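# Examining the three-dimensional arrangement
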Amino acid sequence: MDSYISCCWLVLYLFFGGGSTVTIQGYVGDVVTLTCKYDARHYGTLSVCWGRGHIPNSGCGNEVLRTEGVKVTHRASVRYNLQGDLRAGDVSLTITQAQVKDSGLYGCRVDIPGWFNDQKHHLALVIKPAPETTPEPWIPRESTTVGYPKAPETTPEPWISRESTTVGYPKEQTTTMQTTMGLSVPPDPPRVAIREISARSISVWWSAGFDGNTPITGFHLECKSQSDSWVDGVRGSNILPWKRETAVNDLRPFHTYNIRMFTKNDMGLSKPSNELTITTKEAAPDGPPQDVKLEALSSHSIRVTWRAPELSLQNGLIRGYQLRYGEYSPQERLPVRVVHLMDGSESFTMNNLQEATKYSVTLHTINRAGLGPSSQELVCSTLTNDDQQHMTTTQATTALQTEHSTSTIGTTTSSTETWLLVTDSPTQGQRVDDFSTTRALSNSTTDPALSKKLGTEEQSGHLVAILVPVLVLGLLVVMAIIWQFRRTTLKKGNWKILWKNNDFLSFGDSEPAL
């Protein structure tokens, strides 16, 4: 029976227990800190959440802040900050400008791997109205008697300000200076400027202002997308007090962000600094064109249509598209044609194709940073002449074709075509002007059989380059053999027989005398 009760108590403790409650008191306007720490040396950096009320079985109820390692992923208000060293496991919650409505129970949950291992802390916060303060006694310079200032019995002498000649009386300027001099106050905001901008990071630097008569304990940098507010979607990071430069990483290319900064001392946070609006640079597209479709129009043409990649994957302004097509063969790689469409169109008609032949097509997006990834390879076959005769749809008119013998160079207006004997696919980020070994062709001046002739012409060129020296060498050998044979024949006295038979080896114009 005792063991049964012990097991039940253990289960209830694991589900609903896990830490004592600590009460923290503060006043309106104070900076209060709710302490929560874990052993980061043993576990590494972990996910932590802060919520209001009792901690449920999973997560945090009424969540006010959440971290993933050292990155804050959610924050309900800009007044909630983590000013401790997150890498050392200090995830204490700091609430600036405390209000009465902040009073209540808070829970800190550290997600430790494993079952029933999460570390839980409950802290009760009590925020009271600020107490009414009694002014400090004022000691006049002429006397050491302690008391409160009284109204002068006589009219003071006129006072002349230094900035002008206007005559008047001071308005408690000396008294105000005496009561504020030397008091610790929150620091002045820093001044932030841009250091460097890349596609996925922004480097900033700053200069600190007045420290509020208290040493600066650090800086707090905030970054958000321009479309978000400073309450939702804010990324924050704490910076050591002696640093004056940092970088914000893991940003989206060609995206606009807002950045601001706070200075911290023992009295709290400063007001926000000047706000920077920064647009990151372009990067190669991360997504291929969408909805690529092929349609056979005739026995010699196929139309390709597509849509631009998703906006979040374009990473810049789209300049055009690269279309690569050629005869499809699963056994070998055949020459392909590369078309650069820079006129903003989202369709292209491949003309002068062979009848009843399969063609493969891939597409790449182009921006200023280079090529995006390839679309999925699609295969489509041209129609046969019999199929074309039964078609009822109208056909697009094509341009006149010209004969190509040895030259394959033409002119183009809206697009540029090139022939490539490819051995591999282009890589993402490759710039369009890297294709320096290709030649521009006109879309309407191509030979349907050119893709097959390209390889044979190249082989023929190599064959001619080998045969010419061989033929010349063979001719020299034959001439040497003939010359040697002639010398041997003349020495033996057989030259008359050769002359009489009108042999081409004879030198004589008439029969020599015996």
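Predicted model only: the values in this text are computed from it and were never measured.

### Side note on the sheet that holds strand β13 (residues 202-207)
Read from one edge of the open sheet, 3 strands run β12-β13-β16, paired in antiparallel fashion. Here the strands that pair on one side only, and so sit at the sheet edges, are β12 (191-197) and β16 (245-248). When strand polarity is set aside, the average angle formed by the axes of neighbouring strands in this sheet is 30°. Bridge count between β12 and β13: 6 bridges; the pairing is antiparallel. Paired with alanine 193 across the bridge in β13 is tryptophan 205.

### Some words on the confidence of the model for the protein chain
The predicted model of the protein chain averages 75 in pLDDT, with 66% of residues at 70 or higher. When pLDDT is averaged over each element of the protein chain, strand β21 (residues 302-307) comes out on top at 96 and strand β29 (residues 440-441) at the bottom at 36. Contacts for the low-pLDDT stretch residues 392-414, under 50 throughout, to residues beyond four places or in other chains number 28 contacts. Of the regions scoring below 50 in pLDDT, residues 494-514 engages in 19 contacts with residues more than four places distant in sequence or in other chains.

### Re the side chain of threonine 280
By the secondary structure assignment, threonine 280 is in the loop between β19 (276-279) and β20 (290-296). With a relative accessible area of 2%, threonine 280 lands in the buried category. There is a polar contact of 2.7 Å between the side chain of threonine 280 and the backbone oxygen of arginine 252. Side-chain polar atoms of threonine 280 contact the backbone nitrogen of phenylalanine 254, separated by 2.9 Å. Every residue in contact with threonine 280, bar those within four places of it in the chain, is listed here: Ile197, Ser198, Ala199, Ile202, Leu251, Arg252, Pro253, Phe254, His255 and Tyr257.

### Things to note about the nonpolar core
The nonpolar side chains of a soluble globular protein tend to be buried, and buried together. Of all hydrophobic cores here, the largest spans 26 residues; its most connected members are Leu34, Trp50, Leu65, Leu93, Tyr106, Val110 and Leu125. The set of elements that each furnish at least two residues to this core consists of β2 (32-34), β3 (47-52), β4 (63-68), β7 (93-95), β8 (104-111) and β9 (119-128). Every residue in contact with leucine 65, bar those within four places of it in the chain, is listed here: Val48, Cys49, Trp50, Val72, His74, Arg75, Tyr80, Asn81, Leu82 and Leu93.

### Brief notes about the packing of aromatic side chains
Applying the stated rule across the entire model yields 2 aromatic pairs. With centroids separated by 5.4 Å and ring planes inclined at 65°, the aromatic side chains of tryptophan 306 and tyrosine 321 adopt a geometry described as edge-to-face. Here tryptophan 306 is found in strand β21, whereas its partner tyrosine 321 is found in strand β22 (residues 320-327), with 15 residues between them in sequence. When the ring centre of tryptophan 230 is taken as reference, the NZ or CZ atom of arginine 260 above it lies at 4.1 Å.

### So, the side chain of serine 92
In this structure, serine 92 sits in the loop between β6 (80-81) and β7. Looking at serine 92, the relative accessible area reads 6%, which means it is buried. One polar contact links the side chain of serine 92 to the main-chain amide nitrogen of cysteine 36, over a distance of 3.2 Å. Looking at serine 92, its side chain comes within polar contact range of the side chain of aspartate 90, at 2.8 Å. Ignoring sequence-local partners within four residues, the contact set of serine 92 consists of Thr33, Leu34, Thr35, Cys36, Trp50, Asn81, Leu82 and Gln83.

### Brief notes about a nonpolar patch on the surface
The grouping of Val464, Val468, Val472, Leu475, Leu476 and Met479 at the surface amounts to a nonpolar patch, some 570 Å² of accessible area in total. Position of methionine 479 relative to the elements: it lies in helix α6 (residues 450-491).

### Quick word on the pattern of salt bridges
Tallied over the full model, the rule gives 10 salt bridges. Ionic pairing is found between glutamate 63 and arginine 66, a salt bridge with its closest N-O pair at 3.0 Å. For glutamate 63, a relative accessible area of 23% puts it in the partly exposed group. We note a salt bridge from aspartate 111 to arginine 66, for which the minimum N-O separation is 3.8 Å. Placement of aspartate 111 in strand β8 and of arginine 66 in strand β4 is noted, with a sequence separation of 45 residues between them. The class for aspartate 111 is partly exposed, based on a relative accessible area of 25%. The structure contains a network of salt bridges with shared partners spanning Glu63, Arg66 and Asp111.

### A closer look at unusual backbone geometry
Notably, aspartate 250 is not glycine yet its phi reads approximately 60°, a positive angle. Relative to the helices and strands, aspartate 250 is located in the loop between β16 and β17 (256-265). A relative accessible area of 67% places aspartate 250 in the exposed class. The backbone of asparagine 315 sits at a positive phi, close to 60°, despite the residue not being glycine. Within the secondary structure layout, asparagine 315 lies in the loop between α4 (311-314) and β22. On the basis of relative accessibility, which here comes to 4%, the residue asparagine 315 falls in the buried class.

### Quick word on the state of the cysteines
Counted by the stated rule, this structure contains 2 disulfides. For cysteine 36, the disulfide goes to cysteine 108, at an S-S distance of 2.0 Å. Across the S-S bond of cysteine 36 and cysteine 108 the torsion is about -65°, and the bridge reads as left-handed. With cysteine 36 in the loop between β2 and α2 (40-43) and cysteine 108 in strand β8, the pair connects residues that are 72 residues apart, well separated along the chain. In terms of burial, cysteine 36 and cysteine 108 fall into one category: buried. Two residues, cysteine 49 and cysteine 60, share a disulfide whose sulfurs are 1.9 Å apart. Between cysteine 49 and cysteine 60, the S-S torsion sits near 70°, and that sign places the bridge as right-handed.

Quick notes on the rules
Residues numbered from 1 in each chain as written. Predicted model: local features only at pLDDT ≥ 70, side-chain atom pairs only at ≥ 80, totals over all residues. Heavy atoms only, no water. Pairing = 2+ DSSP bridges. Helix = DSSP H or I, 4+ residues; strand = E, 2+ residues; numbered from the N terminus. Axes fitted to C-alpha atoms, helices over the stretch in contact; angles between N-to-C directions. pLDDT = per-residue confidence, 0-100. Contact = heavy atoms within 4.5 Å. Buried < 20%, exposed > 50% of the residue type's maximum accessible area, 1.4 Å probe, protein only. Polar contact = N/O pair within 3.5 Å; in protein donor to acceptor, adjacent residues only side chain to side chain. Core = buried A, V, L, I, M, F, W, Y, C linked by side-chain atoms within 4.5 Å. Phe/Tyr/Trp six-rings, centres within 6.5 Å; stacked < 30°, edge-to-face > 60°. Lys NZ or Arg CZ within 6 Å of the ring centre and 35° of its normal. Patch = residues over 30% accessible without salt bridge, like charges linked within 9 Å, V, L, I, M, F, W, Y side chains within 5 Å. Areas by Shrake-Rupley, 256 points an atom, 1.4 Å probe, with all protein chains shown as cover. Salt bridge = Lys/Arg side-chain N within 4 Å of Asp/Glu carboxyl O. Disulfide = S-S within 2.5 Å.

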